[in-house]
Amino acid sequence: MFYGLIYLLLCILVAVWAGQKRGSLQAIGMFVISLLLSPLIGGLIVAVSPKSDAKILEEMERQERLRLALNRKLKHQTDDRKEPRL
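Residues numbered from 1 in each chain as written. Predicted model: local features only at pLDDT ≥ 70, side-chain atom pairs only at ≥ 80, totals over all residues. Heavy atoms only, no water.

Asks: Sorry, what's going on with the packing of helix α1 (residues 2-21) against helix α2 (residues 24-36) here?
Replies: In a packed pair of helices, the relevant descriptors are the angle between the two axes and the axis-to-axis distance. For the pair α1 and α2, interaxial distance at closest approach is 8 Å and the crossing angle is 150°. Comparing their axes, α2 and α1 come out roughly antiparallel. Between α1 and α2 lies a crossing whose hand is right-handed. Contact residues: Tyr7, Leu8, Cys11, Ile12, Val14, Ala15, Ala18 and Gly19 in α1; Gln26, Ala27, Met30, Phe31, Ser34 and Leu35 in α2. Along the lines of polarity and charge, the residues of the contact of α1 with α2 split into eleven nonpolar, three polar and no charged. (Axes fitted to C-alpha atoms, helices over the stretch in contact; angles between N-to-C directions. Helix = DSSP H or I, 4+ residues; strand = E, 2+ residues; numbered from the N terminus. Parallel < 35°, antiparallel > 145°, perpendicular 65-115°, else oblique. Left-handed = near helix turned anticlockwise from the far one by under 90°. Contact = heavy atoms within 4.5 Å. Nonpolar A, V, L, I, M, F, W, Y, C, P; charged D, E, K, R; others polar.)

Right, dumping it as structure tokens:
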């Protein structure tokens, strides 16, 4: 019973990882593969599979927003330094 719960938990973890990397449909598929074969094999498949184009685009947009926010913050800090001190 205990080992069955551990096995099921590992299958769920593989599915969550696949969902973060590729999407919900991939997560369901990887859960089934992990359940039928092994969470180790499912994890290896997820590890070698590339991210989906949508996930890559989301990551690029997130990085761009962070870069712009950092540039605004740095510009604001440099503008504060240029003001004359009394």
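The structure having been displayed, the exposition proceeds.
Asks: Mind showing me how you'd approach the pattern of salt bridges here?
Replies: Two side chains with opposite charge may pair up if their charged atoms get near one another. Enumeration according to the criterion identifies two salt bridges in this entry. Put simply, glutamate 64 and arginine 67 hold a salt bridge, and the shortest N to O gap is 2.4 Å. In this pair, glutamate 64 and arginine 67 are both assigned in helix α4 (residues 53-82), three residues apart and thus about one turn of the helix distant. Exposure remark for arginine 67: the relative accessible area of 41% places this residue in the partly exposed category. (Salt bridge = Lys/Arg side-chain N within 4 Å of Asp/Glu carboxyl O. Buried < 20%, exposed > 50% of the residue type's maximum accessible area, 1.4 Å probe, protein only.)

Asks: Whenever I open this one, α2 confuses me. Can you help?
Replies: Residues spaced three or four apart along an α-helix face the same direction, because each turn holds 3.6 residues. Given a rise of 1.5 Å per residue, 13 residues ought to cover 18 Å, and the 19 Å separating the end C-alpha atoms of α2 matches this to within 8%. Buried residues along α2 sit against α1 and α3 (39-48). (Expected span 1.5 Å × (residues − 1).)

Asks: I'm lost on the packing of aromatic side chains in this one. Help?
Replies: Within the structure shown, the criterion is met by one aromatic pair. Taking 5.8 Å as the distance between ring centres and 65° as the angle between the ring planes, the aromatic pair formed by phenylalanine 2 and tyrosine 3 counts as edge-to-face. Judged by relative accessible area, which is 56%, phenylalanine 2 ranks as exposed. On the basis of relative accessible area, tyrosine 3 is assigned to the exposed category, the value being 69%. (Phe/Tyr/Trp six-rings, centres within 6.5 Å; stacked < 30°, edge-to-face > 60°.)

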